[in-house]
Amino acid sequence: MRSYLSLLCACLLNAAAWAESTPASFFEPPVALADAGGTALITGKAQGCPTAADFNGDGKLDLILGAKDGMDTAMGGIWLIPNAGSKDKPAFRWTDAHRVALGDAAVSVACGCKSSGQVQPVACDWNDDGFLDIAYSDTYRRAYLLINDGKNKDKPTFTQQTFFDMEKTNHGMYAGGGDWDGDGVVDFLHMAFAGSEFKLFKGARQAKGGVKFVDGGLKACQALSIGGQKPRRCAWAWDYSGTAKQRGAIEYVGIVDLPSEQSEIGFYEVVSGQSKKLCVLVTPEGKTPLLTAVDLNADGKMDLLYSCGLWNNEKDKTKVWVMYGKK
């Protein structure tokens, strides 16, 4: 009885703390990723989508950027940028970027159309061998898997296979991820038709610690029945407050485009299948932002990593920001 009362009291205290806080208070204000000298990371590529993982095995999270070669082309690729700083104070230089290759040839992605094509990566260890693999969407026809051949940690090469085909060609898949089922493992989210449908490829932890998403195409994924207010791009779920699971809620962030040609990153909550926007976290400086959630500085709090293309009206550049989770 005593343990039950203790648990009940703890739940009530957590619920009270959640009621007194706001999602905006979970994160620090955005800061641009920069090198050790403070020079902002501005890439030479367009419409970049950032995520982070330790691809070289040195214990620090590195940057992974899917992007277009330029706004005047519908072709793109994926770049790996090693962390030149420390585990808790990451630093990145675009001059260190290495384009992902398939053997001797760079990965080249046909990513839709000039105005909206994107390359959206998610890190995983698909075959549980300790080397970074990448799932990515071309936001056009299909999602792919890049399987690391394990020959070079600093400049890895990959083999490529199709993960799944989309329902139709010539339409956007605005990918997302995070923990949508509350098991603490990253999932892969297929946001079909500009976010009108959320389809989940659940992640499973493997024997050696790798993560693999459910395979078998769209028939194998789980359709999430979510109504109400929803973002259109890059929805990433996590228990940001630390109370979501106890409250039977799903907390997630995502992007909505505004009539002014700007976009906003909002914080959402799903309760009983209904999604509601609780607040706007930030209105990014640039255009067409893309978003992932990672613990970039390894402090145990999930951070929000987002990019903007067309930054400062320079069409073939991408700038990357982070909103660190508050301790």
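Preceding this paragraph is the structure being described.
A.B. asks: Tell me about the pattern of salt bridges, and name the residues and values.
C.D. replies: Summed over all chains, the structure comprises ten salt bridges. Note that D69 is salt-bridged to R99, the shortest N-O span being 3.0 Å. A residue pair is termed long-range when its members are at least 10 positions apart, and D69 in the loop between β4 (62–68) and β5 (75–81) and R99 in strand β6 (residues 98–99) qualify at 30 residues. For D69, a relative accessible area of 26% gives the class partly exposed. Since its relative accessible area comes to 23%, R99 is described here as partly exposed. Close ionic contact of R142 with D165 constitutes a salt bridge, the shortest N to O distance being 2.8 Å. Taken together, the residues span a long stretch of sequence, with R142 in strand β12 (residues 142–148) and D165 in strand β13 (residues 158–165) at a distance of 23 residues. With relative accessibility at 43%, the residue D165 sits in the partly exposed group. When salt bridges with common partners are traced through the structure, they connect R247, E251 and E269 into a single cluster.

A.B. asks: Would you mind going over unusual backbone geometry in detail, with residue names and values included?
C.D. replies: One non-glycine residue, C234, adopts positive backbone phi at about 50°. Relative to the helices and strands, C234 resides in strand β21 (residues 233–237). Even without being glycine, T288 reaches a positive phi, approximately 45°. For T288, the location among the structural elements is in strand β25 (residues 287–294). With relative accessibility at 21%, the residue T288 sits in the partly exposed group.

Thresholds, definitions, all that
- Residues numbered from 1 in each chain as written.
- Predicted model: local features only at pLDDT ≥ 70, side-chain atom pairs only at ≥ 80, totals over all residues.
- Heavy atoms only, no water.
- Salt bridge = Lys/Arg side-chain N within 4 Å of Asp/Glu carboxyl O.
- Helix = DSSP H or I, 4+ residues; strand = E, 2+ residues; numbered from the N terminus.
- Buried < 20%, exposed > 50% of the residue type's maximum accessible area, 1.4 Å probe, protein only.

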